[in-house]
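# Observations on the three-dimensional arrangement
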Amino acid sequence: MNKKGLSTPYVIWMAIFVVAPLILVVVYAFTSKSGGFTFENFSGMLQYAGIFSNSFLLAIIATAICLAIGYPLSYFLAKESATIRKVAMIFIMLPMWMNFLLRTYAWMSILEDTGLFNRLLALLGLPTLHIINTNAAVVIGMVYNFLPFMILPIFSVIEKIDRSVIEAAQDLGANSVMVFKRVIFPLSLPGVLSGITMVFIPAVSTFVISKLLGGGMTWLLGDLIENQFLGNVYNPHLGSAISLVMMIIVMICMAVMNRFGEGEEGAVVL
Amino acid sequence: MKKNRFGSRLFMTLIGIFLYAPIAVLIIFSFNASKSRSVWAGFTLDWYTQLFQNERILSAITTTFLVSILSALIATVVGTAAAMGFSAMKRRPRGLFLSINNIPLINADIITGVSLMLLFVFFGGALTALGFRFRLGFGTLLMAHITFNVPYVILSVMPKLRQLDPNLMEAALDLGATPWQSFWKVVLPEIWPGVFNGMLIAFTMSIDDFVISYFTAGSGVSTLAMEIYAMTRKRISPEINAVSTLMFLFVLILLIIINVRQIRQERQERNRRQQIKGSEMPVDEIVSNEIISLLGESEGE
């Protein structure tokens, strides 16, 4: 029997369930409800420019915060002993495996006006803050949910950096700042890039976080798409067009970023 | 130097608190006697008993486990076969198929969900027109789950196949084994760790998924995640906290099992590597890393 034939069922499966659906998205995006070819779905999208920019802005902020927390954390962690590293990794992954709806729901009760965070502030004699149903709450939700996706790839790259490379740099007279700038950071770049990808994509396309923590005040691209497919407006043609545009913008961002990150050995992960 | 350590440890602890505070809050308030999400009114187990009397939730749990187990099993069989086929291919077609395989992993979940929904609605319409009965439901949910599960299995099995000595199967065949026997007795035991891990990843991905299920399950069936979403949208009930606590315990136990297995495997592999000196491993390590990072990928949303 031909061994290659073993993959035939899955190749057919991919054609039907991976390739065909994406082609359908493109087809729907360029057709109207009556079935004719049209650009209307795209020209009508201009009214949603605000939602587009808001989505990308919040996703960029959340990704930047994740990077600002995740990079130093991975860096410090890599210096710890093997046991601490292993235990820490399990602790970082554990919340990630809990359903993210529940994690987001938890923040609802913390950030509420009469929630635990404000109670804590009041207890300390500080003025309370209105956080729930604002962009800030949405960003907190994104950071909380996606932080592990930033830590894991960066950590796994830094952990693998050959100690002797760092020692060689020190022997050659580099101080710790220079070692970081010239050796560790460039070597960890692939991890940083895949971390950014893995935080940015779910952040820009979320609709749950904005619904639960934004309270419908903050509409993101995900909400817009969801509304076209399962909401009361039901317009899969417009929904497909928005999905397509989002996909293309994300793809361009990733391509630009990966180009910028090339030069070393290229991205190892993803 | 010591001072430096202190600062970094403090930072790590703070992040730890940030990661676990919400979960602690969920768990603590699952035992709260009042419906409030911030005022403690005494200990109770009422929400747990209510949870197990809530038929919607019970049927959602059944659906979730059924779809997760079925899709993980099917994905494991299909994915292992596909990985074996791919690894026998030339570089070019293999590269092409593996990139298509990666699409569901890289795409935002909402895109995967929406595009599958379009497929089901489009072909469902065609089938209904031909007189067949077709509706969004358990079947479409299962198909969607298999679709996003197989890539994890393939990514987990491929490195094991790469490590496999190609002469091994031929030797078995030369010694008179049928292809099926040589797979079952020679190849499968060698790649089993990858197959099993792939199955576990697929299973947890399925259990955890909300977005793709949401778009492909229709209105008739719902998974636990969908039920939780509906609950957070409607009224506030500490039953959600009770669900969270149970799920957390479930994941914790699952994770312990996986880690114990991994440690045991590593020990075995180290022993083996000491016996056969010079067998290189870096490729495998890079790929297993890839899986670790991909693990997160679709889980978020």
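Attention here is on the structure that accompanies the text.

Rules used throughout
- Each chain carries its own residue numbering, running from 1 in the written order of its sequence.
- Working convention: letters from A go to chains and numbers from 1 go to ligands, in the order in which they are written.
- Per-residue local features are limited, in this predicted model, to residues with pLDDT of at least 70; the limit for side-chain atom pairs, both in listing and counting, is 80 or more; totals at the level of whole chains, interfaces and linings are taken over all residues.
- To get the side-chain values, take all heavy atoms of the structure and skip hydrogens and water.
- Each salt bridge in this description consists of a side-chain nitrogen of Lys or Arg and a carboxyl oxygen of Asp or Glu lying within 4 Å of one another.
- We count a stretch as a helix when DSSP gives it H or I for four or more residues in a row; a strand needs E for two or more, and each element gets its number in order from the N terminus.
- Burial classes follow relative accessibility: with a 1.4 Å probe on protein chains only, a residue under 20% of its type's maximum area counts as buried, one over 50% as exposed, and anything between as partly exposed.
- The contact rule is simple, with two residues in contact once any of their heavy atoms fall within 4.5 Å.
- Accessible area that two parts lose when put together, with a 1.4 Å probe and added across both, is what the buried area reports.
- Distance and chemistry together define a polar contact, namely a pair of N or O atoms within 3.5 Å, with one atom able to donate a hydrogen and the other to accept it when in protein, and with adjacent residues in sequence counting only for side-chain atoms on both sides.
- As a working rule, the residues Ala, Val, Leu, Ile, Met, Phe, Trp, Tyr, Cys and Pro are called nonpolar, Asp, Glu, Lys and Arg charged, and the rest polar, with Gly in that last group.
- The axes are straight lines fitted to the C-alpha atoms, using for helices just the contacting stretch, and the angles between their N-to-C directions are given from 0 to 180°.
- Any angle from 65 to 115 degrees is called roughly perpendicular, while one under 35 is roughly parallel, one over 145 is roughly antiparallel, and all others are oblique.
- Here a crossing is called left-handed whenever its near helix is offset anticlockwise from the far helix by less than a right angle, and right-handed whenever the offset is clockwise.
- Think of a nonpolar core as a cluster: buried Ala, Val, Leu, Ile, Met, Phe, Trp, Tyr and Cys residues, connected wherever their side-chain atoms sit within 4.5 Å.
- Domains are outlined according to an automatic or database domain assignment.
- Pairing of aromatic rings covers Phe, Tyr and Trp, the last counted by its six-membered ring, and requires centre-to-centre distances within 6.5 Å; plane angles under 30 degrees mean stacked, over 60 mean edge-to-face, and any other angle means tilted.

### Observations concerning the pattern of salt bridges
Overall, the coordinates contain 5 salt bridges over all chains when judged by the stated rule. The residue A:Glu159 makes a salt bridge to A:Arg85 at a minimum N-O spacing of 3.2 Å. Taken as a pair, A:Glu159 in helix H7 (residues 135–159) and A:Arg85 in helix H4 (residues 82–93) lie far apart in primary sequence, 74 residues in all. B:Arg56 is the salt-bridge partner of B:Glu227, the closest N and O atoms lying 2.9 Å from each other. Within this pair, whereas B:Glu227 is found in helix H10 (residues 224–233), its partner B:Arg56 is found in helix H3 (residues 55–87), the two being separated by 171 residues in sequence. In this structure B:Arg56 comes out as exposed when scored by relative accessible area, which is 52%.

### Looking at the interface of chain A and chain B
In this complex, chain A contributes 85 residues to the contact, which on the side of chain B involves 89 residues. Counting the surface lost from both chain A and chain B, the interface buries some 8,400 Å², and carbon and sulfur atoms represent 76% of this. When the buried area of chain A at its contact with chain B is split by residue, A:Tyr10, A:Trp97 and A:Tyr105 rank highest and sum to 10% of it. One can count 1 salt bridge joining chain A with chain B. Counting across the interface, chain A meets chain B through 7 residue pairs in polar contact (both at pLDDT 80 or more). Sorting elements by how many residues they give to the side of chain A that touches chain B places helix H1 (residues 8–29) of chain A first, with 14 residues. By residue class, the composition of the side of chain A that touches chain B is 63 nonpolar, 11 polar and 11 charged.

### Focus: the packing of helix H3 (residues 49–78) of chain A against helix H9 (residues 176–204) of chain A
All names here are of chain A. For the pair H3 and H9, interaxial distance at closest approach is 9 Å and the crossing angle is 140°. Judged by the angle between their axes, H3 and H9 are oblique. For the element pair H3 and H9, the recorded crossing hand is right-handed. Contact with H3, carried on its side by Ser55, Phe56, Ala59, Ile60, Thr63, Cys66, Leu67, Tyr71 and Tyr75, involves Phe180, Ile184, Phe185, Ser188, Val192, Ile196, Val199, Phe200, Ala203 and Val204 of H9 and no other residues of that element. Here the contact of H3 with H9 is composed, by residue class, of 16 nonpolar, 3 polar and no charged.

### A few points about the nonpolar core
Judged by nonpolar contacts, the single largest core of 175 residues is most densely connected at A:Met142, A:Phe207, B:Phe86, B:Ile110, B:Phe210 and B:Phe215. Looking at which element gives the most residues to this core, the answer is H7(A), with 15 residues. Mapping this core onto the domain boundaries places at least three of its residues in each of domain 1 (1–30) and domain 2 (48–300) of chain B. If we ignore the near neighbours within four places in the chain, the residues touching B:Phe215 are A:Phe207, A:Glu226, A:Phe229, A:Leu230, B:Ile110, B:Gly113, B:Val114, B:Met117 and B:Leu136.

### Considering the packing of aromatic side chains
Counting across every chain of the model gives 40 aromatic pairs over all chains. Taking 5.7 Å as the distance between ring centres and 50° as the angle between the ring planes, the aromatic pair formed by A:Trp107 and B:Phe18 counts as tilted. One end of the pair, A:Trp107, is in helix H5 (residues 100–111); the other, B:Phe18, is in helix H1 (residues 2–29), on a second chain. When its relative accessible area of 23% is taken as the criterion, B:Phe18 is described as partly exposed. Taking the centre distance of 6.3 Å and the plane angle of 45° together, the rings of B:Phe183 and B:Trp184 count as tilted. Given the relative accessible area of 14%, B:Phe183 is considered buried. In this structure an aromatic cluster arises from ring pairing among A:Tyr71, A:Tyr75, A:Phe76, A:Phe180, A:Phe185 and B:Phe11.

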